[in-house]
Amino acid sequence: MKKLFCLLFITFTTIGFAMSEDIVSERFLGALSSCSSYSESGIVQTEGLDVSSSKKILGKENNKCVYQEEIIIDKNKFKITCKFSKAQTDELTGVMKSYAESQKYSNEKVDTSSLDVIKTNPVSASWANYLQNPDVCSVEY
């Protein structure tokens, strides 16, 4: 249960920090797509908790794009390391771009009010797919 809860928070912060004013951050998308150096940090709040995140794209290692994120949730620290293939980064950035495009026309804002709502977000679902795959991402508690 703790692992699922943590993965949901990790997924949430990935959404929260990849989005900027309800539009996907072009800077993050560009860096992920090209696997170029990137770093960002911030704090978001959900379910009454402050969630601090510091994420980085470190570049390529063995032809895979290395993504790292450190998350602090109520004094608990997690470190995520993902190694994405080009096809995987293309999938993630494609979902993020499509979601941003649909937001332009729906006038809906990203809802981060609860973990249940976050689970239904397509960006969250695409990231969760990889975060739960030990061949792609590792999570240190």
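Above this text you will find the structure in question.
To start, this report covers the structure provided alongside it. These figures come from a predicted structure and were not determined experimentally.

**Focus: the packing of aromatic side chains**
Taken as a whole and assessed by the stated rule, the structure comprises eight aromatic pairs. Note on F28 and Y38: the rings are 5.4 Å apart at their centroids and 65° apart in plane angle, and the pair reads as edge-to-face. With a gap of ten residues between them, F28 in helix α2 (residues 26–34) and Y38 in strand β3 (residues 38–46) connect regions that are remote in the sequence. Residues F28 and Y38 agree in their burial class; the two are buried. Centre to centre, the rings of F84 and W127 are 5.7 Å apart; their planes meet at 85°, and the pair counts as edge-to-face. Pair noted here: F84 is in strand β6 (residues 76–84) and W127 is in helix α5 (residues 122–131), with a separation of 43 residues, a long-range link.

**Structural notes on the packing of helix α3 (residues 86–106) against α5**
At a closest axis distance of 9 Å, the pairing of α3 and α5 adopts a crossing angle of 165°. Taken together, the axes of α3 and α5 are roughly antiparallel relative to one another. In the crossing of α3 with α5, the sense of the turn from one axis to the other is left-handed. Counting all contacts with α3, which are made through Q88, E91, L92, V95, M96 and Y99, the residues of α5 involved are P122, V123, S126, W127 and Y130. A per-class count over the contact of α3 with α5 returns eight nonpolar, two polar and one charged.

**Topic: the pairing of strand β4 (residues 49–61)**
As defined by bridge partners, β4 adjoins strand β5 (residues 64–73) across ten bridges and the pair is classed as antiparallel. Opposite S54, over in β5, you have E70 as the bridge partner. From the end of β4 to the start of β5, which pair antiparallel, there are two residues, and N62 there has a positive phi angle of about 50°.

**Some points on the pattern of salt bridges**
Inspection of the entire model under this criterion finds three salt bridges. With a shortest N-O distance of 2.7 Å, E61 and K83 are connected by a salt bridge. You can see E61 sitting in strand β4 and its partner K83 sitting in strand β6, a full 22 residues away along the chain. K83 sits in the partly exposed class, given a relative accessible area of 32%.

Parameters and conventions
- Residues numbered from 1 in each chain as written.
- Predicted model: local features only at pLDDT ≥ 70, side-chain atom pairs only at ≥ 80, totals over all residues.
- Heavy atoms only, no water.
- Phe/Tyr/Trp six-rings, centres within 6.5 Å; stacked < 30°, edge-to-face > 60°.
- Helix = DSSP H or I, 4+ residues; strand = E, 2+ residues; numbered from the N terminus.
- Buried < 20%, exposed > 50% of the residue type's maximum accessible area, 1.4 Å probe, protein only.
- Axes fitted to C-alpha atoms, helices over the stretch in contact; angles between N-to-C directions.
- Parallel < 35°, antiparallel > 145°, perpendicular 65-115°, else oblique.
- Left-handed = near helix turned anticlockwise from the far one by under 90°.
- Contact = heavy atoms within 4.5 Å.
- Nonpolar A, V, L, I, M, F, W, Y, C, P; charged D, E, K, R; others polar.
- Pairing = 2+ DSSP bridges.
- Salt bridge = Lys/Arg side-chain N within 4 Å of Asp/Glu carboxyl O.

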